[in-house]
Number of protein chains: 4
Amino acid sequence: MAINIIVNGAHGRMGQETVAAIKADPELHLVGALNHGDSLSDNIKALKPDVVIDFTVPDSVFQNSKTIIECSARPVIGTTGLTLAQIEELQHMCQSKKLGGIIAPNFSLGAVLMMRMAQLAAPYFPNAEIIEYHHPAKKDAPSGTSIKTAQLMGYPDLPIHSVRLPGYVASQTVIFGGDEETLTIHHNSTHRKAFMPGVRMACKKVMTLDGLVYGLEKLI
Amino acid sequence: MAINIIVNGAHGRMGQETVAAIKADPELHLVGALNHGDSLSDNIKALKPDVVIDFTVPDSVFQNSKTIIECSARPVIGTTGLTLAQIEELQHMCQSKKLGGIIAPNFSLGAVLMMRMAQLAAPYFPNAEIIEYHHPAKKDAPSGTSIKTAQLMGYPDLPIHSVRLPGYVASQTVIFGGDEETLTIHHNSTHRKAFMPGVRMACKKVMTLDGLVYGLEKLI
Amino acid sequence: MAINIIVNGAHGRMGQETVAAIKADPELHLVGALNHGDSLSDNIKALKPDVVIDFTVPDSVFQNSKTIIECSARPVIGTTGLTLAQIEELQHMCQSKKLGGIIAPNFSLGAVLMMRMAQLAAPYFPNAEIIEYHHPAKKDAPSGTSIKTAQLMGYPDLPIHSVRLPGYVASQTVIFGGDEETLTIHHNSTHRKAFMPGVRMACKKVMTLDGLVYGLEKLI
Amino acid sequence: MAINIIVNGAHGRMGQETVAAIKADPELHLVGALNHGDSLSDNIKALKPDVVIDFTVPDSVFQNSKTIIECSARPVIGTTGLTLAQIEELQHMCQSKKLGGIIAPNFSLGAVLMMRMAQLAAPYFPNAEIIEYHHPAKKDAPSGTSIKTAQLMGYPDLPIHSVRLPGYVASQTVIFGGDEETLTIHHNSTHRKAFMPGVRMACKKVMTLDGLVYGLEKLI
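What counts, and at which threshold
Residues numbered from 1 in each chain as written. Chains lettered and ligands numbered in written order. Predicted model: local features only at pLDDT ≥ 70, side-chain atom pairs only at ≥ 80, totals over all residues. Heavy atoms only, no water. Helix = DSSP H or I, 4+ residues; strand = E, 2+ residues; numbered from the N terminus. Contact = heavy atoms within 4.5 Å. Buried area = accessible area lost by both parts, 1.4 Å probe. Salt bridge = Lys/Arg side-chain N within 4 Å of Asp/Glu carboxyl O. Polar contact = N/O pair within 3.5 Å; in protein donor to acceptor, adjacent residues only side chain to side chain. Core = buried A, V, L, I, M, F, W, Y, C linked by side-chain atoms within 4.5 Å. Buried < 20%, exposed > 50% of the residue type's maximum accessible area, 1.4 Å probe, protein only. Phe/Tyr/Trp six-rings, centres within 6.5 Å; stacked < 30°, edge-to-face > 60°. Lys NZ or Arg CZ within 6 Å of the ring centre and 35° of its normal. Expected span 1.5 Å × (residues − 1). Arc of directions from axis to C-beta.

Participant: Could you give an account of unusual backbone geometry, naming the residues involved and the relevant values?
Facilitator: Glycine aside, residues mostly have negative phi, and peptide bonds are mostly found in the trans state. Residue P142(A) follows A141(A) across a cis peptide bond; omega there is 0 degrees. One non-glycine residue with positive phi stands out, namely K48(A), at about 45 degrees. Position of K48(A) relative to the elements: it lies in the loop between α2 (40-47) and β3 (51-54). A positive phi is found at S72(D), a non-glycine position, where the angle reads about 65 degrees. Relative to the helices and strands, S72(D) resides in the loop between α3 (58-70) and β4 (74-77).

Participant: A description of the interface of chain A and chain B should follow, citing residues and the corresponding values.
Facilitator: Many structure descriptions define interface size as the accessible area lost when the parts assemble. The partner chain B presents 31 residues to the 31 residues of chain A that form the contact. Between chain A and chain B, roughly 2600 Å² of surface is buried when both sides are summed, and carbon and sulfur atoms account for 62% of that area. Connecting chain A to chain B are 0 salt bridges. Here chain A is connected to chain B by 12 residue pairs in polar contact (both at pLDDT 80 or more). Counting residues per element, the ones that place at least two in the side of chain A that touches chain B are α5 (109-121), β9 (181-189) and α7 (196-205) of chain A.

Participant: Run through the nonpolar core, naming residues and quoting values.
Facilitator: I53(A), M153(A), F176(A), I53(B), M153(B) and F176(B) are the most contacted members of the largest nonpolar core, which totals 94 residues. Once residues lying within four places of it in the same chain are set aside, the contact partners of F176(B) are A118(B), A121(B), A122(B), F125(B), N127(B), A128(B), M153(B), Y155(B), E181(B), T182(B), L183(B) and I185(B). Core analysis: the second largest hydrophobic core is formed by 92 residues, L158(C), V7(D), V76(D) and V206(D) among them.

Participant: Before we move on, could you go through the packing of aromatic side chains and cite the residues and values that matter?
Facilitator: Inspection of every chain in the model, using the stated rule, returns 12 aromatic pairs over all chains. Measuring from ring centre to ring centre gives 5.9 Å for F55(A) and F107(A), while their planes differ by 70 degrees; the resulting arrangement is edge-to-face. One end of the pair, F55(A), is in the loop between β3 and α3 (58-70); the other, F107(A), is in the loop between β5 (101-103) and α5, with 52 residues separating them in the sequence. Across the pair, exposure class does not vary: F55(A) and F107(A) are buried alike. Between the NZ or CZ atom of K148(B) and the centre of the ring of Y214(B), over which it lies, the distance is 5.3 Å.

Participant: Account for helix α4 (residues 84-97) of chain A, naming residues and giving values.
Facilitator: All names here are of chain A. Helix length check: α4, at 14 residues, gives a terminal C-alpha distance of 20 Å against a target of 20 Å (1.5 Å per residue), a fit within 8%. All buried positions along α4 are accounted for by I87, L90, M93 and C94. Seen from one end, α4 has its buried residues packed into an arc of 120 degrees, which puts them on one side. Residues of α4 that are exposed and point more than 90 degrees away from the buried face comprise L84, A85, H92, Q95 and S96. In this structure, the buried residues of α4 make contact with α3, β4 (74-77), β5 and β10 (212-214). Positive phi shows up at K98, right after α4, with a value of about 50 degrees.

Set out below in C-alpha cells:
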C-alpha cells in the first residue's frame, strides 16, 4: 500500500522535482500539491496524508511544521531556516504524539554518506583537509556542507579550502593523510535531481519512526 | 603499563617495519624478535608476551598460530595463506581459552576504512565500479583488495577494472553513480609503512577481545 | 565590425545553444537562423553572411557544406557524418576559392586541449591508459573522443576503459605512468553549453584562414 | 657511440640516483663520479667528458658551471641557487664557445609537461586555480613548482592553495574552469627517481644545442 503524500511548496524548484519524483515511485502516492495561498491545515484535514513534505521558505517553515504535526501528519522538512530551539520544540511535539518526522537541510544521499564516511575515518587519521568546489556565484564560503562535515569529524582547526570556478556545480573532497597513504572521499553533484533519492527514502523511513529526527545521516 | 610483544619473522620486510613501529610506540614493548630457526614456543614460555605478531610465510603460519594460542599468548597474524577451515579451527581454540586474537590480510587502516565506506554506501547506490591501480610487476589482477571490497559491497557482477602502469604503488577507487551525483572513495598507499598504524592498533585492541577476529574492518 | 553569421539547424539542441551564444558575443552578429525547409542557398544570397554554422543531420551535411562554399560563405561545420573523402573534396573547393572553413566533430575547447596535451606528453611517457566515463545511455564504447585521443597519441594498443554509470555526463582521463610519477589529464563536461566557446572561437578564427581545417585542435 | 659523462656531486642523494641512471642507459657512459674535494677542472681535463652533470650545493654551483664551460664540456646543472644574472653570464660564455648547456631546477618530465600543458590551456580558460600537495615537513608554501607554473600561465592573481598532509610526497593539480566544463592536470611524484628520465634526456639533448638553455620545458 502506497504512502500518501502532500507536497507543500510544489511550484518551487525543489517542489517541482519532488512532485515528479513521487509520481515516479510506486511506493509513494501524491494526494496534494500545495502552493502559496493554499491552506495547509485544511488540505491535511481533507486529504489525510501520511506524510507532508515542506519545501517552502525560511519564514514559514516553523509554522508549517507545527501545523503538520498538530494535524497528525508526519513532517519531512527540506526548507532551511529552523533554529535549534525551534527544532527542539518540534521534537517535543512529535514525541508527545509518537509521530515520526524528519528535518534534513541536505537530502543528497551522496553528501550525507560522505559526511558519515568522514566521521568514520576521523578517529584513525589525525590529519585531514576539506576542499569544496562550487561555481563563482555561490555567496557563502566555506559551504554549509563543508562546515557540517568538519563538525562531524570533530577536529579542532580542520583546514577548509573553497575553490570558486565556473564548470563546478557542487563538489567536495575530504582528504585524510597518514604515513605513506592517503584516503580521499569525493562527492560531486550536478543538479537538484540528486536530492530526490534522499527525499523518497525519507518518506519511507519516516513511517517507521516514533519521533523527529534531525539530519538524514541519522538514518544511514 | 605497556603491552609486551614478540615479533615472529622479524627479519622480513614487514617484520623489520613492525619492530621499528613497536619500538616507537610508548604503549607497546618489544620483548622478542624471532626469525627462522628460533623456537617460537620456547620463546613465548620464556618471555611471556601479551601478544605475538606473525609476519612469516604461508607454509608455517597455521602451525605458528596454534603454538601462540596453546602458549596462551594473543596472536596478531599478518601472514597470508590461512584457509577458512584453519581460521575456524583457530577461532575455536581462542574461544575455549577466552583469548583475544586478530587475523588480518591487510593492515592498512586506509584500505580497511575504504572497504567499510564502500559497504556503507552500497545499499544506497545500486550502480558502482571499482578501478584499482598498481605497478606493472603485480602478478594478479584484479587485486585481492578489490575482490574483497566487491564482496563486502554485495553487488552481483560489480565491474572491477585493473590499471597496470609504472608510477603507481597501490591505489584503488570505488565509484558510486546516482542521479546527477557521484560519490568516490580513493585510497592510495606508497609504502609498507602504511600498514604500521593498523598493526599497532591491532596489538592494543586484541587485549580487549575474548575471541579471534578475522579482518581488521571488524574493529573499525 | 562584427562577423555576420547564419545558423543552419537553429531549432536543434546544438543550434539553439549556438543562437544564444552568438547573440551574447559582441564580436558576432546573427543574421539568420534557418531550419528544415528553409533554402540555404537563397538565404546565403540574400543575407550575405561571413560565416554559416551547420548543426543539422549527417544526411544533409555534405550538401549543405558544398552549398555554403559555392555561395562563398565560410563553413563552420559541427554536424558529424562527413567521410574523409567528402572532407577532402570540400578542402579542394575551399582551396580554389581561398576560402576559410572549419569542420570540427568536437567543439569543446577542454576536450580539444586534452587531446593536444595527451599528444604533447606521449613521446615522453611510453606507458599510458585512457579511462572515459559516461552515462549508461551512451550507445558506443569506447567513446569517439577517446579513440581520437588514442590516435593522436600514436601508441599501438593503448588501453581504453569505458565506465558507464549514472551521475556522469561526459568525462575522460588520460593517465601517463613513469618511474615514480604519474601525469594525469582530466576533462569533465556537464552540458552542451561547454561547446559554445569553441563555436565562437571557430567563427572568429575562420575569418583568418584561407583553406578548410579539419579538427579544432589544429587551431590551438 | 655513447656520450661520456662526469657526475659532480656523486655522493649526494640526487648524485647517487644519477650515477645509477647513467649506468643503466646504453647511450650514456659514466667516465667520472666526483665528490667534495676532487678537482673538477683536473678531472675534466683528464677524462674529457662530453657532458658534466652538477648536483652539488648552491654555494659552489656558479663556480662549477664556469669551470665546466671553460674546460669546454657541456654543463647539465640540476643544483639550485643560480641567480638570473649568473645564468645570463653562463649563457654568454656558452654562446661565445657555441657550447650546449642546460640548467634545470626541475628535471621531472612530468612536472615540466604539466607546466607546458598549463601554459597551453591558459589562453582559452580565463579562470583557473593551482592546488599543490606536499608532506608537512616541506618548508616553503606555495611550492616553487606552483609559482613557476603560475608565472608561465600568465594570470594575474591566480589562486594557489597549499595542502600539507602526511601521505603526500609531491603532487600538483592545475584546474581550469569554463562554462559547464573543467579541465584538470595532475602530477604526482613519489621519489627522486622521477627526475632520472629528465636527466638522461638532458644529457642527450645538450649534445645538439649550441647555447645554454634554462628550463627543461624549453626542450619539450
